[in-house]
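# Examining the three-dimensional arrangement
Given next are the chains, with one letter for each unit.
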Amino acid sequence: MPQNMGIGQRIGSIPILPTPKPMEKMEEQALDSKRRQKGGLITMPFIFANEACEKLAVVGFQANMISYLTQQLHMPLTKAANTLTNFGGTASLTPLIGAFIADAHVGKFWTLTMASLIYQVGMVSLTISAIIPQLRPPPCHGGQLCQQATSRQLAILYISLLLTALGAGGIRPCVVAFGAEQFDESDPKQKKRTWSYFNWYYFVMGASILVAVTVVVYIQDNVGWGWGLGIPTVMMFLSIIAFVLGYPLYRNLDPAGSPFTRLVQVCVAAYKKRKLPMVSDSRLLYDNEELDADISSAGKLVHTKQLRFLDKAGIVSDKDDPKAPNLWNLNTVHRIEELKSLIRMGPIWASGIILITAYAQQSTFSLQQAKTMDRHITAGFQIPAGSMSVFTITSMLTTIALYDRFLIPATRRLTGLDRGITFLHRMGIGFVISTLATLVAGFVEVRRKEAAAAFGLLDRPNVTVPISVFWLVPQYSLHGIAEAFMSIGHLEFFYDQAPESMRSSAAALFWTSISMGNYLSSFLVSLVHRFSAGPDGVNWLPDNNLNKGKLENFYWLITLLQVVNLVYYLFCAKFYTFKPVEVLLVGSKKVDTGNGDGEVEKISDGFELALRV
């Protein structure tokens, strides 16, 4: 094959990159060396310290919040549950704003820093309201009717929650992607570490949550809410300090412009050219490496045959100037494929919503179940109801450790994938286990009510039912195992399959699925609360007496929805098309790919062009 080929020449459908000259090689190596001076494993202590403190703060703030709303602000149970799930939904929707700011304007570091400060203000506000008696209703004693929070007191609560939701909008889409960006994808060794990073990121996060749901929740229940909210507030401040201290070491990638604008430009261009005949060969579609350089440093996206109506945005007409294109009329194949990639991700994204709906019940109705049960370990010590999620976190951490240390090496020998199994397989396993968790939860609730009936406690909601709280351990543990598979797999999926310039936006998609799951939970609770009422007015989810409700039916309704969702996911996964990326490699090693396959074509001595799919 000739050594000096122009950029316009191709191998099949893949353009051939020119062989770098000796001087160009030296310049590229110098640039690579300069770029790799920052980032890498040395940044992980700062990022993980930030994540540990931040998660301890956030979870310590939220884990027992339903107890704060019902006991301190005297909210009815269903109102408190919907307040938390709506807040959770909003906090998971705001990452779309944070991702846009990070990807288009200021970058991930500054987005994270400013968002953390906003979150800090919200935490300080709520902590002050827990300390000053005038900012919450007076305590109620004995059987007297409890006074609910006033509009002014609720306004402080909602403003505090809104500030934390806005702060979460900047933190959530950026923290995972920022950490993963510290590893250079063009280096095979560092790329392999990226997949371990996702596991250990979740492990550090889980360890922090474990401390939050034990130590912090115990302080909230037994020492006071001033201390219980004050400690997470201080930890949030420490997380900001830890993160900022690592700034000189971080690998900061410049924002590449608004990804949403590029997506709209492709849609507009395709619509304008909808009446043009389709080109006979995809190689005739517009391509401009210089134009796409800032958004394709890890490799260009290769043309795919799906969603071909969007390809019309790449047809070069007589009115177009290929040298200085108007992007509202003409777009490159790479930009068209960015939009296609996001559209293909949509069905898989939607499948994660119902799992979050199932998971959300742990912090609401499962916690209320725990409050009615015998939580004593010894005669003088009982587990706080809010600490029951320790079993979720412990099972999640154990699963992650076993997965990373044993399952990945074992399956890697069978599949040849660096990550052991694909993220689609990992997510599917999580869906199955989550379905089993809610099924089990329904049977445990039946057993709890049988115990209440046997001891004549159906009409005495404030008396402890003589059944051990450890009956709830299976459902909590199964949810933890499911999260270790599903949530990390979902996160890997978004990071790997999203276009490289949209990784904050992809992380935001992960959080929007959580948002939709929380909103769906609120919708289901309201729907069931309204339409399940019997002639005596008692419904499946009563506000004041869980013993007379039918919580098990609600759990089984979610189980049925999860079974339908699993069938839908399997269909989507079977027909999913992985993102194909064209990359230039040095040496003769085959690249790691999205699904384990790669096609490598030899170009010249020492250089290869790989199609990563």
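Residues numbered from 1 in each chain as written. Predicted model: local features only at pLDDT ≥ 70, side-chain atom pairs only at ≥ 80, totals over all residues. Heavy atoms only, no water.

### Brief notes about the overall build of the protein
Note the following rule: Strands here mean DSSP runs of E at least two residues long; helices mean DSSP runs of H or I at least four residues long; both are numbered from the N terminus. Each residue's exposure class comes from its accessible area (1.4 Å probe, protein chains only) as a fraction of the maximum for that residue type: buried when under 20%, exposed when over 50%, partly exposed otherwise. Reported accessibility uses the Shrake-Rupley method at a 1.4 Å probe radius. Residues are deemed covered only where the shown protein chains occlude them.
If you tally the helices and strands in the protein, you get 19 helices and 10 strands. Here the protein holds 613 residues, and the buried ones make up 56% of them. Element-wise, carbon and sulfur atoms account for 64% of the exposed surface of the protein, whose accessible area totals about 26500 Å².

### A closer look at a nonpolar patch on the surface
The condition is simple: Two joining distances apply to patches: 9 Å for like charges and 5 Å for nonpolar side chains (Val, Leu, Ile, Met, Phe, Trp, Tyr), and every residue must have over 30% relative accessible area and no salt bridge. A side-chain nitrogen of Lys or Arg and a carboxyl oxygen of Asp or Glu constitute a salt bridge if their distance falls within 4 Å.
Side chains of Ile 97, Phe 100, Ile 101, Val 106, Trp 110, Tyr 247 and Phe 260 sit close together on the surface and give an oily, nonpolar patch of about 620 Å² of accessible area. Per element, the largest residue contribution to the nonpolar patch is 4 residues, and it comes from helix H5 (residues 95-106). Tracing the backbone through its elements, the reader meets Ile 101 in helix H5. By relative accessible area, which is 34% here, Ile 101 ends up partly exposed.

### Some remarks on the confidence of the model for the protein
Rules: A score between 0 and 100, pLDDT records how confident the predictor is in each residue. The contact criterion used throughout is that any non-hydrogen atoms of two residues lie within 4.5 Å.
Looking at the protein as a whole, the pLDDT averages 79, with 85% of positions reaching at least 70. When the criterion is pLDDT under 50, residues 1-36 qualifies, and its contacts beyond four places in sequence or with other chains add up to 50 contacts. Across residues 584-613, confidence stays below pLDDT 50; counting only partners more than four residues off in sequence or on other chains, it has 89 contacts.

### Focus on the pattern of salt bridges
Opposite charge on two side chains permits them to pair, given that their charged atoms come into close proximity. Summed over the entire model, instances satisfying the criterion amount to 14 salt bridges. Asp 311 is the salt-bridge partner of Lys 340, the closest N and O atoms lying 2.8 Å from each other. With a gap of 29 residues between them, Lys 340 in helix H12 (residues 333-351) and Asp 311 in the loop between strand S3 (300-301) and H12 connect regions that are remote in the sequence. Judged by relative accessible area, Lys 340 falls into the buried class, the value being 0%. The partner of Asp 459 in a salt bridge is Lys 548, and the shortest N-O contact between them spans 3.2 Å. Taken as a pair, Asp 459 in the loop between helix H16 (423-454) and strand S7 (465-468) and Lys 548 in the loop between helix H18 (503-531) and helix H19 (551-574) lie far apart in primary sequence, 89 residues in all. For Asp 459, a relative accessible area of 57% translates into the label exposed. The class of Lys 548 is partly exposed, set by a relative accessible area of 41%. A single network of salt bridges, built from pairs that share partners, joins Arg 308, Asp 311, Glu 337, Lys 340 and Arg 344.

### As for the pairing of S7
Two faces, one strand: in a regular strand the side chains alternate between the faces of the sheet. Applicable threshold: In this description, strands pair whenever DSSP reports at least two bridges between them.
Only one face of S7 is buried: it carries Val 465 and Ile 467, and the other face, with Pro 466 and Ser 468, is open. Relative to S7, strand S4 (residues 373-374) is paired through 2 bridges, and the arrangement is parallel. Residue pairing across strands places Met 373 opposite Val 465, the latter belonging to S7.

### A closer look at the environment of Leu 157
Here Leu 157 shows up in helix H7 (residues 151-180). Judged by its relative accessible area of 2%, Leu 157 falls in the buried class. A sequence separation of 88 residues divides Leu 157 from Leu 69, and the C-alpha atoms of the two residues are 9.5 Å apart. Beyond its immediate chain neighbours, meaning those up to four positions away, Leu 157 contacts Leu 69, Leu 73, Met 75 and Leu 126.

### Considerations on the packing of aromatic side chains
Applied cut-off: Centre distance within 6.5 Å is the pairing criterion for rings of Phe, Tyr and Trp, where only the six-membered ring of Trp is used; planes under 30 degrees apart are then read as stacked, over 60 as edge-to-face, and the remainder as tilted. Lysine and arginine charges are scored as sitting over a ring when NZ or CZ, respectively, is within 6 Å of the ring centre and within 35 degrees of the ring normal.
Enumeration over the complete set of coordinates arrives at 21 aromatic pairs. Here the aromatic residues Phe 109, Trp 110, Phe 178, Phe 243, Tyr 247 and Tyr 250 are joined through ring pairs into a cluster of three or more. In this structure, Arg 274 is placed above the aromatic ring of Tyr 271, and the distance from its NZ or CZ to the ring centre is 4.0 Å. For Arg 426, the ring lying beneath its charged end belongs to Tyr 403, and the centroid distance is 3.8 Å.

### Some remarks on the side chain of Glu 445
Here Glu 445 is to be found in helix H16. Relative accessible area serves as the criterion here: at 0%, Glu 445 is assigned to the buried category. Not counting residues up to four positions away in its chain, the partners in contact with Glu 445 are Gln 369, Leu 546, Leu 551 and Glu 552.

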